[in-house]
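What follows is each chain in one-letter form.
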Amino acid sequence: MQDSCKAQPHPDVVTTRLDNGEMVLLHLGTRQYFSLNQTGSLVWQQLEQQATLASISQTLHDRFDVTPGDALQTVIELMGQLGTHNLVTIEDS
Amino acid sequence: MEYSLSNVTVQLECPSSEQELAIGDIWSRLFHLGAGKSSQPCIHFRVGGVRPAEISGERLFDAPGLSVTRNADGYHLTSGDSYLLVNLIRNEIAGALSHNFFSAPLENQRALFFFAFLLVLASHGLYGVHASGVSYRGSGMLLVAGSGCGKTTLALALVTQGWNYLSDDAVLLYHTANRESVEACAFGRPFSCGSEIIGHFPELGSIAADTPLLPNGKRLLEVSTLYDGQFHTRCLPNMILFPEIVDAPLSRLLPLTQTEALTRLIGQGIGLLTERATVVGQLRLFEQLLMQTHSFRLLHGADVHSKPARLATLLANALAACRQPVAPGTQGVLAHAG
């Protein structure tokens, strides 16, 4: 997966945000649901704004005490998990 | 004939007055009914149609007493040779109830009517959840769990200690008129009790003797005559418990984060995963509910029967403390919840 890739929330995914900053994703098609912690929620919000993976990892680097490389690795790993469960669609930019 | 059922008015139309009375009688045993009110949203319930020879579509649910298929016409509910079509756009339940249906076990009648009403009620902002509802000194508590986790036993144990009750197996949740909080209201009327529960609460024996044993080994008991004045139509929940039966002498509470509680609520939400708008509405309601409540796992042990007063005190103290603000929590980046 390239950092220029874009991922978008799958249209069948319904989300809910809690006031603790975490999120729950519910896939209407597979009827499975998942939780995202505060970091994952931030990534998801960036996906909703159609940010590239590079842009999302930059946001994580800016907000948290992580190196750019670790931030990108976190984003790519999360995209892999989200993609496995059909929660996002990934396309090359 | 018009009835009030959980904040909506149900307008019943039948081909004969006999059938109308028979349905009204079944409903009065299944639900807490009142007289219809013009101020409430109205659902049309029409009996006298014809069951289609074939129903195609997505099969959503299939059990011996009830099957549910969805297609462009709506939700097709079949129980034996009886049939109901739930059309959310027309706000209507319509179909044909056979002669056999009226002599079928109450459990089968309940399954058909419960599902039909839950689908329509959700479109009116009343969302079902698998829970027993109880309250104490004005504070509400939901015992949220599937079958076999002890909801009924816990509710009865608390009722015998002076708590009030709403429903045994399902409550409806809805936003208050000002949308500042979420209330729970009663849905089903009888308590579903197996022989073990009846054995632990001897007072149930007097009404169990006159109540048919269902194929699932349980009896649907009307408990309001036993616990006079303790039924409440609604409450404001301050605490949510997710009960689990454990092999231990004493019960204990383990706090849950909002996220953990939400995923558990989703797992017990009735009607979720149907219409997108319904799902979104129910999730928003759960969000708000979690802002006004604290959530716990309740690992309930032998004291439910041996020391019900101790358990009632534990839960009453926890309920009183639940007026404090809710603390956030954290967990893994992505967690598969269900």
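Residues numbered from 1 in each chain as written. Chains lettered and ligands numbered in written order. Predicted model: local features only at pLDDT ≥ 70, side-chain atom pairs only at ≥ 80, totals over all residues. Heavy atoms only, no water.

**A word on the overall build of chain A**
Thought 1: In terms of regular secondary structure, chain A is built from three helices and five strands.
Thought 2: When the helices and strands of chain A are read in sequence order from the N terminus, they spell out β-β-β-β-α-α-α-β.
Thought 3: Computed over C-alpha atoms, the radius of gyration of chain A comes to 12 Å, within 12% of the 12 Å expected from 2.2 N^0.38 for 93 residues, which places it in the range of a compact globule.
Thought 4: Projected onto its principal axes, the C-alpha positions of chain A cover 35 × 30 × 20 Å.
Thought 5: A total of 93 residues make up chain A; the buried ones form 44% of that total.
Thought 6: Relative to all contacts within chain A whose residues are 6 or more apart in sequence, the contacts with residues 24 or more apart total 50%. (Helix = DSSP H or I, 4+ residues; strand = E, 2+ residues; numbered from the N terminus. Rg over C-alpha atoms; globule rule 2.2 N^0.38 Å. Buried < 20%, exposed > 50% of the residue type's maximum accessible area, 1.4 Å probe, protein only. Contact = heavy atoms within 4.5 Å.)

**Focus: the environment of A:L87**
Residue and element names in this part refer to chain A.
Thought 1: Position of L87 relative to the elements: it lies in the loop between α3 (68-84) and β5 (88-91).
Thought 2: Residue classification places L87 among the buried residues on the basis of a relative accessible area of 0%.
Thought 3: Considered as a pair, L87 and T16 are 71 residues apart in the sequence and their alpha carbons are 14 Å apart.
Thought 4: Look past the residues within four positions of L87 in its chain and what remains in contact with it is Q8, P9, H10, V13, L25, H27, F34, W44 and L82.

**Some points on the side chain of B:E92**
Residues and elements named next belong to chain B.
Thought 1: Tracing the chain through its elements places E92 in strand β9 (residues 92-96).
Thought 2: With a relative accessible area of 10%, E92 lands in the buried category.
Thought 3: When near neighbours in sequence (up to four residues on either side) are disregarded, E92 contacts H44, R46, L85, V86 and N87.

**A closer look at unusual backbone geometry**
Residues and elements named next belong to chain B.
Thought 1: Despite not being glycine, S6 shows a phi value in the positive range, around 50°.
Thought 2: Structurally, S6 can be placed in the loop between β1 (2-5) and β2 (8-13).
Thought 3: Overall, the relative accessible area of 11% leaves S6 in the buried class.
Thought 4: Positioned with a positive phi, R137 is a non-glycine residue whose angle comes to about 50°.
Thought 5: Within the secondary structure layout, R137 lies in the loop between β10 (127-136) and β11 (139-144).

**Concerning the packing of aromatic side chains**
All names here are of chain B.
Thought 1: Inspection of every chain in the model, using the stated rule, returns 16 aromatic pairs over all chains.
Thought 2: Seen from their ring centres, Y165 and F231 are 5.7 Å apart, and the 55° between their planes marks the pair as tilted. In this pair, Y165 sits in strand β12 (residues 164-165) while F231 sits in the loop between β16 (218-221) and β17 (234-235), placing the two residues 66 residues apart along the sequence.
Thought 3: The class of F231 is partly exposed, set by a relative accessible area of 22%.
Thought 4: In this structure an aromatic cluster arises from ring pairing among Y3, W27, F31, F45, F101, F102, F113, F114, F117 and F187.
Thought 5: Taking NZ or CZ as reference, R110 lies 5.2 Å from the ring centre of F114, over its face.
Thought 6: Note that R264 overlies the ring of F242, its terminal NZ or CZ placed 5.8 Å from the centroid. (Phe/Tyr/Trp six-rings, centres within 6.5 Å; stacked < 30°, edge-to-face > 60°. Lys NZ or Arg CZ within 6 Å of the ring centre and 35° of its normal.)

**Let's talk about the packing of helix α1 (residues 38-48) of chain A against helix α2 (residues 53-63) of chain A**
Residue and element names in this part refer to chain A.
Thought 1: Where α1 meets α2, the axes come as close as 10 Å, and the angle between the chain directions of the two elements is 140°. Put simply, α1 runs oblique to α2. Seen along the crossing, α1 lies across α2 with a hand that is right-handed. Contact residues: T39, L42, V43, Q46 and L47 in α1; S55, I56, T59, L60 and R63 in α2.
Thought 2: Among the residues forming the contact of α1 with α2, the class breakdown is five nonpolar, four polar and one charged. (Axes fitted to C-alpha atoms, helices over the stretch in contact; angles between N-to-C directions. Parallel < 35°, antiparallel > 145°, perpendicular 65-115°, else oblique. Left-handed = near helix turned anticlockwise from the far one by under 90°. Nonpolar A, V, L, I, M, F, W, Y, C, P; charged D, E, K, R; others polar.)

**Things to note about the confidence of the model for chain B**
Thought 1: Of the residues in chain B, 94% reach a pLDDT of 70 or more, and the chain-wide mean stands at 90.
Thought 2: On the interface metric, ipTM, the complex scores 0.85, and its pTM is 0.90. (pLDDT = per-residue confidence, 0-100.)

**Let's talk about the nonpolar core**
All names here are of chain B.
Thought 1: Counting 42 residues, the largest nonpolar core has W27, F45, L77, F113, F117 and F187 as the members making the most contacts within it.
Thought 2: Considering every element that reaches this core, the biggest residue donor is helix α3 (residues 106-123), with ten residues.
Thought 3: Those residues in contact with F117, other than ones at most four positions away along the chain, are L5, V10, W27, F31, F45, I93 and F187.
Thought 4: Within the second largest apolar cluster, 35 residues are counted, among which are L154, L204, Y227 and L241. (Core = buried A, V, L, I, M, F, W, Y, C linked by side-chain atoms within 4.5 Å.)

**So, the environment of B:L97**
Residue and element names in this part refer to chain B.
Thought 1: With respect to the helices and strands, L97 occurs in the loop between β9 and α2 (99-103).
Thought 2: Overall, the relative accessible area of 9% leaves L97 in the buried class.
Thought 3: Taking the C-alpha atoms as reference points, L97 and S39, 58 residues apart in sequence, are found 29 Å from one another.
Thought 4: Not counting residues up to four positions away in its chain, the partners in contact with L97 are Q19, I23, V47, S82, L84, F102, L112 and F113.

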